[in-house]
Amino acid sequence: MSGNMNLTLKVWRQKNDKTRGKFVTYQANGISSDMSFLEMLDVVNEDLVRKGEDPIHFDHDCREGICGMCSLHINGRPHGPKQGTTTCQLHMRSFHDGQTIVIEPWRAAAFPVIKDLAVDRSAFDRIQQAGGYINVNTGGVPDANGIPIPKIVADEAFESATCIGCGACVAACKNASAMLFVSAKISQYALLPQGQTERYSRAQAMVAQMDAEGFGSCTNTGACEAECPVGIKLTNIARMNREYLGAKILKQVEPH
């Protein structure tokens, strides 16, 4: 696939989180407007490999906007210029011939650089492991309609559960706060009957782990919601705060 777009890329290159990084300029020529952004980077990397140079390292997996692996800061915005779109679903028709594109990794102390544009987001995994689960009795699987749940509640829980954990909320926040991510993971359980057993310990454990990972505080600027590719809402943060405050007031056992 080739086209007639010629672009200038300013790409952040960094060996690891212990070394200083810098922007390196590359030319991306003959780019088709039908390519995805990651396909464009693939073309650039193929050219670098042919020259015997180290290719640009970046995260990707499904390339369908589902897994949350792609994590590029493009021209100052997480995932690029289109709202509600992940990097892998961003196409080059969103740019124009001759444009300069600045590509950076997520910027957050809790997301150390692995190499170039790839960052370590295992902090999200540890937050999830701290309380993002439910305990269930062993035995037969209950019928899906065995526990009646109002549709409005089920829909809201589902919307919270659509968070793909990409980290765009952290990258967009001036404080590198992870509260939108954490609140979505808490909400998807807090809204449903199945999540009530660990309701209060969950909120305390996940918030404590979020703080331990070094994420910043929320100051309600709304940048996280604006840049979230799946539209997670700020109302989840309000719910998380209620869950956390309720746990403290009721003096539940502190998480270990």
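The name given to the protein in an unreviewed UniProt entry is Succinate dehydrogenase / fumarate reductase iron-sulfur subunit, with Parapedobacter indicus as the source organism. What UniProt states about the protein under its Sequence similarities (unreviewed entry) heading is, verbatim, "Belongs to the succinate dehydrogenase/fumarate reductase iron-sulfur protein family."

Trainee: Tell me about the side chain of S36, residues and numbers included.
Mentor: Within the secondary structure, S36 is located in the loop between β2 (22-31) and α1 (37-50). Aside from chain neighbours lying at most four places away, what touches S36 is C88, L90, H91 and M92.

Trainee: Talk me through unusual backbone geometry; I want residue IDs and the actual numbers.
Mentor: A positive phi angle, near 60 degrees, is found at R63, a position not held by glycine. Inspection of the secondary structure puts R63 in the loop between α1 and β3 (73-74). Even without being a glycine, D116 presents a positive backbone phi close to 55 degrees. Tracing the backbone through its elements, the reader meets D116 in the loop between β6 (113-115) and β7 (118-119). Using a relative accessible area of 2% as the deciding quantity, one classes D116 as buried.

Trainee: Account for the environment of G68, naming residues and giving values.
Mentor: Positionally, G68 belongs in the loop between α1 and β3. For G68, a relative accessible area of 6% puts it in the buried group.

Trainee: Got a sec to walk through the domain arrangement of the protein? Specific residues and values, please.
Mentor: According to the domain assignment, the protein contains domain 1 (4-104) and domain 2 (122-249). Computed over C-alpha atoms, the centres of domain 1 and domain 2 are 30 Å apart. Contact with domain 1, which involves 14 residues of that partner, is made by 10 residues of domain 2. Together domain 1 and domain 2 conceal approximately 820 Å² of surface at their shared face, both sides included; 54% is due to carbon and sulfur atoms. Across the pair E227 and R77 runs a salt bridge whose closest N-O atoms are separated by 3.1 Å. The interface formed by domain 1 and domain 2 holds 2 residue pairs in polar contact (both at pLDDT 80 or more) in total. Grouping the amino acids of the side of domain 1 that touches domain 2 by side-chain chemistry returns 4 nonpolar, 9 polar and 1 charged.

Trainee: Outline the packing of aromatic side chains, listing residues and values.
Mentor: Applying the stated criterion across every chain yields a total of 6 aromatic pairs. Look at F111 and F124: their rings are 5.3 Å apart centre to centre, the planes differ by 80 degrees, and that puts the pair in the edge-to-face class. Taken together, the residues F111 in the loop between β5 (100-104) and β6 and F124 in helix α2 (residues 122-131) connect sequence positions 13 residues apart. Residue classification places F111 among the buried positions, given a relative accessible area of 1%.

Trainee: Mind laying out α2, listing which residues take part and the relevant values?
Mentor: By the burial criterion, the buried members of α2 are A123, F124, I127 and G131. Axial view of α2: buried residues confined to an arc of 105 degrees, hence all on one face. Where α2 is buried, its residues touch α4 (168-172), α5 (179-190) and α6 (199-212).

Trainee: How would you summarise the sheet that holds β5 if you had to cite specific residues and measurements?
Mentor: Read from one edge to the other, the open sheet built from 5 strands follows the order β2-β1-β5-β3-β4, with strand pairing classed as mixed. Looking at strand neighbours, the two that pair on one side only are β2 and β4 (77-78), the edges of this open sheet. Against the sheet, α1 engages β1 (5-13), β2, β3 and β5, with an angle of about 100 degrees to β2.

Conventions used here
- Residues numbered from 1 in each chain as written.
- Predicted model: local features only at pLDDT ≥ 70, side-chain atom pairs only at ≥ 80, totals over all residues.
- Heavy atoms only, no water.
- UniProt positions renumbered as here; feature names shortened; annotations may be inferred.
- Helix = DSSP H or I, 4+ residues; strand = E, 2+ residues; numbered from the N terminus.
- Contact = heavy atoms within 4.5 Å.
- Buried < 20%, exposed > 50% of the residue type's maximum accessible area, 1.4 Å probe, protein only.
- Domains from an automatic or database assignment.
- Buried area = accessible area lost by both parts, 1.4 Å probe.
- Salt bridge = Lys/Arg side-chain N within 4 Å of Asp/Glu carboxyl O.
- Polar contact = N/O pair within 3.5 Å; in protein donor to acceptor, adjacent residues only side chain to side chain.
- Nonpolar A, V, L, I, M, F, W, Y, C, P; charged D, E, K, R; others polar.
- Phe/Tyr/Trp six-rings, centres within 6.5 Å; stacked < 30°, edge-to-face > 60°.
- Arc of directions from axis to C-beta.
- Pairing = 2+ DSSP bridges.
- Axes fitted to C-alpha atoms, helices over the stretch in contact; angles between N-to-C directions.

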